[in-house]
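Reading the structure
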Amino acid sequence: MTTTQNPILPTRLEDLVALFDVRPTDAPTSEEERVEALRAPKFGTKFTDHMARVSWSSADGWKDRRIEQYGPLQLDPATAVLHYAQEIFEGLKAYKHADGSVWTFRPDQNAARFARSAHRLALPALSVDDFIGSLAALVRTDIDWVPDGEDSSLYLRPFMYASEVFLGVRPSLEAEYLVIASPVGPYFSGGVRPVSIYVSEEYHRSGPGGTGDAKSGGNYAASLLPQMEAQQQGFDQVCFLDAVENKYLEELGGMNVFAVLDDGTIHTPELSGTILEGVTRSSILRLAADRGYEAVERRIPLADVVTGLRSGKVKEFFACGTAAVVTPVGRLAGSNFDLEVNGGEAGELTMSIRQELTDIQYGRTEDRHGWMRRLA
Ligand SMILES: *Cc1c(COP(=O)(O)O)cnc(C)c1O
């Protein structure tokens, strides 16, 4: 595994930000309201005053880089995305450090993945420069919205959709790229709590040759019914299996998974084309290897996990992704098994990896891999 150094130097970042025309809202949120919104923000419910936006057409390419007032989009009912789901997104966070500076984590990885997702969904590629420039321009405009509470951050949601007004089935000749930002508090109010997971043998989120390795809204749409059914049975999340043999663990609807074994190895499903390559996943592989764990990417049969949980060989199991960072799993169940993981408690390695990752993100420990990028 290689650590990619961001090619964007601070001086260049200034130039990239300068490409965005800042058009401040004439109706900013009052300080009182903003402070209230930042007090205990529930994930994805409050948004800042502005959004970043860049428009694309096949004739002109990317144009009109701007920061404008956050607000509703007016869409013609025949806009392509509403019919054929030609859409992609990303998710990353801006963290405030003790000295007031604002940073993000490995945005070059999100930018590269956004370009890969765009390719798969037949959308235009946005450059790494525009991706990172848009984040910095928005965060600088809405800097007062970056929370400084423990485990709080400004969640950044870049996305792109097919905006051509046309019902024919072909790639859109127009697209819009936007970034919206939402202050978020700790994912688990009241401390990290192990979650329960139901392994679905009935539904799949993606298949070979499909869009499972692209970050696209359609994949999420496919995961909602299984998720709802599992919740009705009392589970927090669903884990999907491979669609061909219905045997190998893949991932949750929006998080990757890891198993920690009693022999000092840590395992995660290999990138098969049907799972999403998480930035958190690859960072954890790296941090675990740094600690001397053998970090293994392979096909993981569900049957082995079940046997391993029964025998004690599988000691910990966790899920990971930007929003919840690292989430311990305390119960894993399926059609013919229902097992506690680590006595239903959060695992030791799980929690210490979580701590290390968040310490890097909040600037509390040395960033030895050069993963952090200053935005403001
Ligand atoms: C976004 C996402 C993840 C996690 O990726 P991170 O880069 O770690 O946030 C995992 N699985 C799916 C399906 C996702 O959409």
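Turning our eyes to something else, we now look at the overall build of the chain. Looking only at helices and strands, one finds nine helices and 18 strands in the chain. A compact globule built from 376 residues should have a C-alpha radius of gyration of about 21 Å, and the chain, at 21 Å, falls within 12% of that. Projecting the C-alpha coordinates of the chain onto the three principal axes gives extents of approximately 60 × 50 × 40 Å. When each of the 376 residues of the chain is scored for burial, the buried share is 52%. Within the chain, contacts between residues separated by at least 24 positions form 72% of all contacts whose residues are at least 6 apart in sequence. Carbon and sulfur atoms form 50% of the exposed surface of the chain, whose accessible area is close to 16,600 Å². Across the chain, 37 positive and 53 negative side-chain charges occur, with their mean positions spaced 2 Å apart.

Look at helix H7 (residues 279-290) against helix H9 (residues 348-361): their axes get within 11 Å of each other, and the N-to-C directions meet at 110°. Classified by the angle between their axes, H7 and H9 sit roughly perpendicular to one another. Counted together, Thr280, Ser283, Ile284, Leu287 and Ala288 of H7 and Ile353, Glu356, Leu357 and Ile360 of H9 form the full contact between these two elements. Along the lines of polarity and charge, the residues of the contact of H7 with H9 split into six nonpolar, two polar and one charged.

Bringing the side chain of Asn219 into the picture now. Within the element layout of this structure, Asn219 appears in helix H6 (residues 217-232). Note on Asn219: relative accessible area 3%, which makes it buried. Within the local environment of Asn219, its side chain forms a polar contact with the side chain of Thr211, the two groups lying 2.8 Å apart. In terms of polar contacts, Asn219 uses its side chain to reach the backbone carbonyl oxygen of Ala214, at 2.9 Å. Those residues in contact with Asn219 that sit more than four places away from it in its chain are Arg205, Thr211, Gly212 and Ala214.

What follows covers the site of the ligand. Taken together, 15 residues form the shell around the ligand, and within it Lys215, Tyr220, Glu251, Thr280 and Thr322 come nearest. In this structure, an oxygen atom belonging to the ligand sits 2.8 Å away from a side-chain N or O atom of Arg113. The separation between an oxygen atom of the ligand and a polar side-chain atom of Thr322 is 2.6 Å. Relative to its free-state accessible area of 380 Å², the ligand is covered by the protein chains to the extent of 97%. If you map the ligand onto the pockets, it falls in the largest pocket. For the shell around the ligand, the per-class residue count stands at four nonpolar, seven polar and four charged.

To continue, consider the domain arrangement of the chain. For the chain, the assigned domains are domain 1 (11-187 + 361-374) and domain 2 (195-345). Measuring from the centre of the C-alpha atoms in domain 1 to the corresponding centre in domain 2 gives 28 Å. Tallying the contact residues gives 23 residues for domain 1 and 21 residues for domain 2. Carbon and sulfur atoms supply 58% of the area that domain 1 and domain 2 bury against each other, a total of about 1,800 Å² over both sides. For the interface between domain 1 and domain 2, the tally reads two salt bridges. Its salt-bridge partner being Arg116, residue Glu277 comes within 3.6 Å of it at the nearest N-O pair. Counting across the interface, domain 1 meets domain 2 through 12 residue pairs in polar contact (both at pLDDT 80 or more). For the side of domain 1 that touches domain 2, the secondary-structure elements that each account for two or more residues are strand E4 (87-89), strand E5 (92-96) and helix H4 (107-120). Per-element accounting of the side of domain 1 that touches domain 2 gives the leading share, six residues, to H4. Partitioned by chemical class, the residues of the side of domain 1 that touches domain 2 number nine nonpolar, six polar and eight charged.

Rules used throughout
Residues numbered from 1 in each chain as written. Predicted model: local features only at pLDDT ≥ 70, side-chain atom pairs only at ≥ 80, totals over all residues. Heavy atoms only, no water. Helix = DSSP H or I, 4+ residues; strand = E, 2+ residues; numbered from the N terminus. Rg over C-alpha atoms; globule rule 2.2 N^0.38 Å. Buried < 20%, exposed > 50% of the residue type's maximum accessible area, 1.4 Å probe, protein only. Contact = heavy atoms within 4.5 Å. Areas by Shrake-Rupley, 256 points an atom, 1.4 Å probe, with all protein chains shown as cover. Lys, Arg positive; Asp, Glu negative; His and termini not counted. Charge placed at Lys NZ, Arg CZ, Asp CG, Glu CD. Axes fitted to C-alpha atoms, helices over the stretch in contact; angles between N-to-C directions. Parallel < 35°, antiparallel > 145°, perpendicular 65-115°, else oblique. Nonpolar A, V, L, I, M, F, W, Y, C, P; charged D, E, K, R; others polar. Polar contact = N/O pair within 3.5 Å; in protein donor to acceptor, adjacent residues only side chain to side chain. Near = heavy atom within 4 Å. 1 Å grid on protein atoms, 1.4 Å probe; cavity = no way out; pocket = protein on both sides within 12 Å on 5 of 7 lines; lining within 4 Å. Sits in = over half its atoms within 2 Å of the grid points. Domains from an automatic or database assignment. Buried area = accessible area lost by both parts, 1.4 Å probe. Salt bridge = Lys/Arg side-chain N within 4 Å of Asp/Glu carboxyl O.

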